[in-house]
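# Chain and residue survey
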Amino acid sequence: MNEGVFMPAYRADLHDIEFNLFDLLKIHENNNQGMDLSSLKDILQQFEKFTRQEIYPTRAKSDVEGVKLESGRVIAPESLRSVHKAFYENGWFALGQPEEFGGAPVPEALYIACLSIATGANTAYMMYPGLTKGALNVIRLKGEQWMREVFIPPMMEGRLGGTMCLTEPGAGSDVGALRTTANPNSDGTWSIKGTKIFISSGHADLYENNVHLVLARTPNAPVGTKGISLFIVPRLWIDKDGNTHGDNDVLCTKVEEKMGIHASATCELQFGLKNNCKGYLIGDEFEGMSTMFIMMNEARLLCGLQGESQANLAYEMSLAYAKERSQFGKEIVHHPDVKRMLLKMRASSRAMRQVALFTASLFDKERVDHKYGELIGLLTPICKSYFTEQGLETAVDAVQVHGGYGFCKEYEVEQFVRDTIIGKIYEGTNGIQSIDFTMRKVIKDKAKSFTWLAEIMMKDMSVVTKNFSTEVAMWTQCLNATKQITQLFFEKITKNDTDFILYHATDYLKICSILIHAWQLGKATIGAEQKLTEANLSEEWRTYLCSRNVDFQVYSTFYLATATSLAESIKQTQLDFWKSNI
């Protein structure tokens, strides 16, 4: 490669996505939409084409343009306007939505695969339709009939955008400390007053109007999260007949200047500065947190996809660069240290994709049997936390593979670092995720869901071929270590030593995440072995399938060994570090 010749380009690994969807999950055999293999593949390929041609070209442009605030108007990047319009007009927002609202139902794993493709291509842009879909689902599941009739059609058409408004200056992770108020009016509406900060998608003018789902306190509400209710608050007032009126006294007073996701409007919103802001109660009074968590859980999975999707694209771009960049007389892809980074990036990124699509497939199963909701609950903090941690790590490695060019904007990989790091922070920091996973999803659950998942994993790993006896032995050792830590936590609970658990919760989630990702990669070797027996398999497919074996070996070597050592360090903890002064 001559300096200045290489041009970064988008590439999705369709072999890997199709292998997951059709060979491992077999969504063409297990879907309620009656869709055959050809139809499902066509949707995937057409969506990838749209992403490659329309969404990805806006990534760097919209990052440079950023979001502007002029006279209270939030102005989105100009480069997003045409793709935003096309996204809705081509029916991509409707993908995965219920048919009764004009949607196009597909297996959840296919929807998540498409969402991942687009999110990697422009994370900041995909937050606009992503949050709108989340708000739409809250209204669909918890709203009164008139709310569904009034708000959902314009959301489906792209005229009405959605947000969720939780955070306040004094209430971040501690949502129960929020001070926004809601007082009842005689006409059944509520007067809303307060300040919300860090509101993604804010008042962006990509939409004609914006509807905010706002958490607030009603008069005489109990303290903490038990006293919180949820309200629909349009930027421009919408009455029960669907008529849009004037300003609803919701003002954007600040657009945050951020490290990354520059194309996403992150706003400070003032509700009721003129005491003229109104909203509608959605769900029951004091049930705001449980109602909002419909959107929160979806947002956490979306947040995890931001890490997974960018990791996969960062790897693809790094691989392309390494194959062209020559140093010491050969392409750098052949240098052992660069190859080490690339193999780690590939194994980790593919593992995340596999876990993401497996988790997505559980949503379809949960609609038939609610017990699968327990596994979704267990895996959600893993998807959110581990994906974003590994997404950032992979982004940093992508810069390293590119060397000095990676530090320069024209090669478009430094943006991955800036855009992935926020995933560790919002939608519940990764520290909060680890506490949720450890204290609620494992300990409060008495490890029932974890034990069920462990049984599924052990069954799969028992049929991995003897070619991977070393890796399976490492996985089993990690599983046993994880069980020992889990038992230790239960012993600490009986002694009311919760600080010990909270201190180690982040490491515990990491250990469990690595165990689960290694299991999925081990499972992939079984699917790859079976597919390699197919007749008329192209050489390209054979090369890909053999690489899945390498992924399992690489991941086991670098990650399983680390997880087992981390578990041992928890077991050997003697000093109460968490009691030390800082």
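Residues numbered from 1 in each chain as written. Predicted model: local features only at pLDDT ≥ 70, side-chain atom pairs only at ≥ 80, totals over all residues. Heavy atoms only, no water.

### As for the overall build of the protein chain
Within the protein chain one finds 16 helices and 14 strands. Taking 25 Å as the expected radius of gyration for a compact globule of 582 residues, we find that the protein chain reaches 24 Å, a close match to that expectation. Sorting the 582 residues of the protein chain into buried and exposed places 59% on the buried side. For the protein chain, the exposed surface amounts to about 24,200 Å²; the carbon and sulfur share of it is 51%. For the protein chain, the centre of its 61 positive side-chain charges and the centre of its 70 negative side-chain charges are spaced 3 Å apart. (Helix = DSSP H or I, 4+ residues; strand = E, 2+ residues; numbered from the N terminus. Rg over C-alpha atoms; globule rule 2.2 N^0.38 Å. Buried < 20%, exposed > 50% of the residue type's maximum accessible area, 1.4 Å probe, protein only. Areas by Shrake-Rupley, 256 points an atom, 1.4 Å probe, with all protein chains shown as cover. Lys, Arg positive; Asp, Glu negative; His and termini not counted. Charge placed at Lys NZ, Arg CZ, Asp CG, Glu CD.)

### Quick word on the packing of helix α1 (residues 14–24) against helix α16 (residues 539–571)
Two numbers describe how α1 lies on α16: the axes approach to 11 Å, and their chain directions differ by 70°. Compared by their axis directions, α1 and α16 come out roughly perpendicular. Seen from α1, the contacting residues are His15, Asp16, Glu18, Phe19 and Asn20; seen from α16, they are Glu540, Trp541, Tyr544, Leu545 and Arg548. By residue class, the composition of the contact of α1 with α16 is four nonpolar, two polar and four charged. (Axes fitted to C-alpha atoms, helices over the stretch in contact; angles between N-to-C directions. Parallel < 35°, antiparallel > 145°, perpendicular 65-115°, else oblique. Contact = heavy atoms within 4.5 Å. Nonpolar A, V, L, I, M, F, W, Y, C, P; charged D, E, K, R; others polar.)

### Let's talk about unusual backbone geometry
With a phi angle near 55°, Ser71 is a residue other than glycine that sits in the positive phi range. Following the sequence through the fold, Ser71 ends up in the loop between β1 (68–70) and β2 (73–75). Positive phi, normally seen in glycine, also occurs at Asn275, with a value near 60°. Residue position: Asn275 is located in the loop between β11 (266–271) and β12 (278–281).

### Let's talk about the nonpolar core
With 186 residues, the main nonpolar core has Leu21, Phe87, Tyr128 and Phe151 as its most contacted residues. Considering each element in turn, this core owes the most residues, 17 residues, to helix α8 (residues 288–324). Setting aside anything within four residues of it in sequence, one finds Phe87 in contact with Phe47, Phe50, Ile55, Trp92, Phe93, Tyr125, Met126 and Pro129. Listed in part, the seven residues of the second largest apolar core include Ala528, Leu537, Trp541 and Leu545. (Core = buried A, V, L, I, M, F, W, Y, C linked by side-chain atoms within 4.5 Å.)

### Topic: the side chain of Arg148
By the element assignment, Arg148 lies in helix α7 (residues 145–157). Within the buried core, Arg148 has no salt-bridge partner, and the shortest N-O distance to an opposite charge, that of Glu100, equals 6.4 Å. Separated by 2.8 Å, the side chains of Arg148 and Gln145 make a polar contact. Discounting chain neighbours no more than four positions away, the residues touching Arg148 are Phe101, Ile139, Arg140, Gly143 and Pro153. (Salt bridge = Lys/Arg side-chain N within 4 Å of Asp/Glu carboxyl O. Polar contact = N/O pair within 3.5 Å; in protein donor to acceptor, adjacent residues only side chain to side chain.)

### What to know about the pattern of salt bridges
Evaluated as defined, the whole model comprises 29 salt bridges. For the salt bridge of Arg367 with Glu108, the shortest nitrogen-to-oxygen distance reads 3.6 Å. In this pair, Arg367 sits in helix α9 (residues 336–368) while Glu108 sits in helix α5 (residues 108–121), placing the two residues 259 residues apart along the sequence. Judged by its relative accessible area of 52%, Arg367 falls in the exposed class. Residue Glu108 is classed as buried on the basis of its relative accessible area, which comes to 13%. Among the salt bridges present, the one from Asp337 reaches Arg340, with a minimum N-O distance of 2.8 Å. Taken as a pair, Asp337 and Arg340 lie in helix α9 at a separation of three residues, close to a single helical turn. Because the salt bridges share partners, they merge into one network encompassing Asp13, Asp16, Glu308, Arg346, Arg350, Arg353, Arg548 and Asp551.

### Quick look at the environment of His504
Mapped onto the elements, His504 comes out in helix α15 (residues 498–531). With relative accessibility at 5%, the residue His504 sits in the buried group. Along the sequence, His504 and Ile570 sit 66 residues apart, while their C-alpha atoms lie 7.1 Å from each other. In contact with His504, other than residues within four places in its own chain, are Phe489, Ile570, Thr573 and Trp578.

### Looking at the packing of aromatic side chains
All chains considered together, the criterion is met by 25 aromatic pairs. Plain terms: the ring middles of Phe151 and Tyr280 are 6.4 Å apart, the flat faces sit at 65° to each other, and that makes the pair edge-to-face. Residue Phe151 is found in helix α7, and its partner Tyr280 is found in strand β12; the two are separated by 129 residues along the sequence. Considered together, Phe151 and Tyr280 belong to a single accessibility category, that of buried residues. Aromatic ring contacts, followed pair by pair, group Phe47, Phe50, Phe87, Tyr88, Trp92, Phe93, Tyr125, Tyr128 and Tyr207 into a single cluster. Residue placement shows Arg59 over the ring face of Phe416; its charged tip is 4.0 Å from the ring centre. The lysine or arginine in question, Lys278, covers the ring of Trp237, its NZ or CZ lying 4.5 Å from the ring centre. (Phe/Tyr/Trp six-rings, centres within 6.5 Å; stacked < 30°, edge-to-face > 60°. Lys NZ or Arg CZ within 6 Å of the ring centre and 35° of its normal.)

### Let's talk about the side chain of Asp460
Structurally, Asp460 can be placed in helix α13 (residues 448–461). Contacts of Asp460, omitting those with residues within four sequence positions, involve Trp519, Lys523 and Ile526.

### Some details on the environment of Gly34
On the secondary structure map, Gly34 appears in the loop between α1 and α2 (37–55). A relative accessible area of 70% places Gly34 in the exposed class. Here the alpha-carbon distance between Gly34 and Val106, two residues 72 residues apart in the chain, equals 9.3 Å.

### What to know about the pairing of strand β6 (residues 209–217)
β6 sits mainly inside the fold: nine of its nine residues count as buried. In β6, alternate side chains face the same way, and those of Asn209, Val211, Leu213, Leu215 and Arg217 on one face and Asn210, His212, Val214 and Ala216 on the other are all buried. Both strand β3 (residues 160–165) and β6 contribute to a ladder of six bridges, which runs parallel. Residue pairing in the sheet places Gly162 in a bridge with Val211 of β6. (Pairing = 2+ DSSP bridges.)

### Thoughts on the environment of Ser116
Assignment of secondary structure puts Ser116 in helix α5. Judged by relative accessible area, which is 10%, Ser116 ranks as buried. At a separation of 2.8 Å, a polar atom in the side chain of Ser116 contacts the side chain of Glu308.

### Brief notes about the pairing of β11
The buried fraction of β11 is high, at six of six residues. Where burial is concerned, the two faces of β11 agree: the one with Thr266, Glu268 and Gln270 and the one with Cys267, Leu269 and Phe271 are both buried. As paired strands, strand β5 (residues 190–200) and β11 are joined by five bridges and run antiparallel to one another. In the sheet register, Thr195 faces β11, and the bridge partner there is Gln270. Alignment of strand β10 (residues 250–255) against β11, held across five bridges, turns out to be antiparallel.

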